[in-house]
Amino acid sequence: MKWAFVVCAMVALSECLVQVPLERGQTARELLEEQGLWEEYKLKYPYNPMAKFDDRFAVGTQPMTNDANLAYYGVISIGTPPQNFKVIFDTGSSNLWVPSVYCSSPACNNHAKYDPAASSTYRQDGSPLDILYGTGSMTGILGYDTVMVGGIAVKNQIFGLSKTEGPFMEYIHADGFLGLAYPSISASGATPVFDNMMKQGQPWHKGSVVTFGGTDPNHYIAPITWIPLSSQRFWQITMDSITINGQVVACSGGCQAIVDTGTSLVIGPQSDIDNINSLVGVTVKNGEYTVSCNDIPQMPDVTFHIQGKEFTLPSSAFIRQTKHYGCLTGFDRGGHSEWLLGDIFLRQFYSIYSRAQNMVGLAKAK
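Basis of the calculations
Residues numbered from 1 in each chain as written. Predicted model: local features only at pLDDT ≥ 70, side-chain atom pairs only at ≥ 80, totals over all residues. Heavy atoms only, no water. Pairing = 2+ DSSP bridges. Helix = DSSP H or I, 4+ residues; strand = E, 2+ residues; numbered from the N terminus. Contact = heavy atoms within 4.5 Å. Axes fitted to C-alpha atoms, helices over the stretch in contact; angles between N-to-C directions. Salt bridge = Lys/Arg side-chain N within 4 Å of Asp/Glu carboxyl O. Buried < 20%, exposed > 50% of the residue type's maximum accessible area, 1.4 Å probe, protein only. Phe/Tyr/Trp six-rings, centres within 6.5 Å; stacked < 30°, edge-to-face > 60°. Lys NZ or Arg CZ within 6 Å of the ring centre and 35° of its normal. Arc of directions from axis to C-beta. Core = buried A, V, L, I, M, F, W, Y, C linked by side-chain atoms within 4.5 Å. Domains from an automatic or database assignment.

Caption draft 1: Highlighting the sheet that holds strand β13 (residues 235-239). Pairing is mixed across the open sheet formed by six strands, whose spatial order is β12-β13-β16-β25-β17-β24. In this open sheet, the two strands that pair with only one neighbour each are β12 (231-232) and β24 (331-333). With three bridges connecting them, strand β17 (residues 266-268) and β24 associate as parallel partners. Of the residues in β24, the one forming a bridge with Gly268 is Arg333. Here helix α5 (residues 270-279) sits on the sheet in contact with β17, β24 and β25 (339-341), set at roughly 150° to β24.

Quick look at the structure:
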């Protein structure tokens, strides 16, 4: 299944679409499993999927978490001449940051580093940037430079130059993050890239892609279901319920969900997740939600009811096959009442993030 999503200033903008191909890299978990380090890693750095949405960190810092299953990234460039970086396009955060030559953390030493001295368009800011993770933090400074996204030059874009990074970043394929959430949650008040695109009057995903500016019918099957945001900090919407075989099994009476390209799984409250996993035949082994790979074809679909429409995940979508741990479910527990609709969900649906109408659009992906 190809994965595509759109960030747009307007609902329909046919001219000048900017497309950034998304590539799938080896996940941190896959790398750690190959090295025999996964068990040690997951105990030392427990996964907290809701960390970046915790209101306790809403002012001054932008929390993030160590998601070992993130796989998709796109390439942007910063500076003149351009310096290339692989970034995760993250609708659950708002800052752009990359490793820099000022950083000597192990996580920086095996990734591309931005060198301000090598760019004629760099402008120093120097203000501190501190982004919290579930297991540590990224600290750095802010600067300005030209950022190239899909061939469009975003001039004087403020971004973070890391000086230290959390240990888990060493195992993530991407170099940094490009946040696509709202400015209100941006650390240090830094203007997000897409906001700068709009301010500069630049109305803007082959394979998996991210598209800036308008929708691309080559990647979805109509119709598009438009869902109003229930909060304009993240891309947060209201879900009606979740059903299996027509029976409500989670989100009874409605619940809140954040559509997040920076989360790999579908995350929900413990009791609801346990109920879903039980009904699809999950057993817990060494803290992992495992299923028999032979049972995948017989597993029931899981259907998300949103805005009166049905968005169905077949078992082939929500079961992950691993080399060393067999088959695992894509449903995991969070520490909050909100749900996170991550890659497991988004690979099945073309998702659109409309800043003009403050809505999320979903359509079946081609």
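The structure having been displayed, the exposition proceeds.
Caption draft 2: Quick look at the pattern of salt bridges. Enumeration over the complete set of coordinates arrives at two salt bridges. Across the pair Arg355 and Asp195 runs a salt bridge, and its minimum N-O distance is 2.7 Å. Asp195 shares its class with Arg355; the two are buried.

Caption draft 3: Quick look at the packing of aromatic side chains. Inspection of the entire model under this criterion finds ten aromatic pairs. Relative to Phe349, the ring of Phe345 has its centre 4.9 Å away and its plane inclined at 40°; by these criteria the two rings are tilted. The same class applies to Phe345 as to Phe349, namely buried. Taken together, the aromatic side chains of Phe304, Phe311, Phe345 and Phe349 make up a single cluster linked through ring pairs. Its guanidinium or amino end placed over the ring of Tyr144, Arg123 lies 4.1 Å from that ring's centre, counting from NZ or CZ. One Lys or Arg, Arg355, reaches over the ring of Tyr182 and ends 4.6 Å from the middle of that ring.

Caption draft 4: The environment of Trp339, seen in detail. Structurally, Trp339 can be placed in strand β25. Sequence spacing of Trp339 and Thr238 is 101 residues, and the spatial spacing of their C-alpha atoms is 9.8 Å.

Caption draft 5: Spotlight on α5. Listed in full, the buried residues belonging to α5 are Asp272, Ile273, Ile276 and Asn277. One side of α5 carries all its buried residues, which in axial view fall inside an arc of 130°. Along α5, exposed side chains directed more than 90 degrees from the buried face belong to Ser271 and Ser278. Gly281 sits one or two residues past α5 and shows a positive phi near 90°.

Caption draft 6: The pairing of strand β14 (residues 241-244), seen in detail. Alternating positions in β14 separate into two faces, Ser241 and Thr243 on one and Ile242 and Ile244 on the other, with burial throughout. Summarising the sheet, β14 and strand β15 (residues 247-250) pair through three bridges and their orientation is antiparallel. The residue bridging Thr243 from the neighbouring strand is Val248, located in β15. Hairpin connection between β14 and β15: a loop of two residues separates the two successive antiparallel strands, and Asn245 in this loop has a positive phi of roughly 55°.

Caption draft 7: Geometry of the sheet that holds strand β19 (residues 288-291). Read across the open sheet, the four strands follow the order β18-β19-β23-β22; overall the sheet is antiparallel. Each having just a single partner strand, β18 (283-285) and β22 (319-322) make up the two edges of the open sheet. Ignoring which end each strand starts from, the neighbouring axes of this sheet average 50° apart. Where β19 lies against strand β23 (residues 326-329), two bridges are found, and the strand directions are antiparallel. Following the sheet pairing, Val291 is matched in β23 by Cys327.

Caption draft 8: Representation of unusual backbone geometry in the model. Residue Thr80 is joined to Pro81 through a cis peptide bond whose omega torsion reads -5°. Mapped onto the secondary structure, Pro81 falls in the loop between β3 (72-78) and β4 (83-90). Residue Pro223 is reached from Ala222 by a cis peptide bond, and omega for that bond is 10°. Mapped onto the secondary structure, Pro223 falls in strand β11 (residues 220-228). Positive phi values are uncommon outside glycine, yet Asn156 reaches one of about 50°. Along the chain, the position of Asn156 falls in strand β8 (residues 152-164). Residue Ser188 is not a glycine yet carries a positive backbone phi of 60°. By the element assignment, Ser188 lies in the loop between β9 (176-179) and α4 (193-199). The class for Ser188 is partly exposed, based on a relative accessible area of 39%.

Caption draft 9: Expanded view of the nonpolar core. Counting residues in each nonpolar core, the largest one holds 48 residues, and the members touching the most others are Met239, Ile242, Phe304, Ile306, Trp339 and Phe345. Lining this core are residues from two domains, each supplying at least three of them: domain 1 (22-200) and domain 2 (220-365). Those residues in contact with Ile306, other than ones at most four positions away along the chain, are Ile227, Ile237, Thr238, Met239, Asp240, Phe311, Leu341, Phe345 and Leu362.

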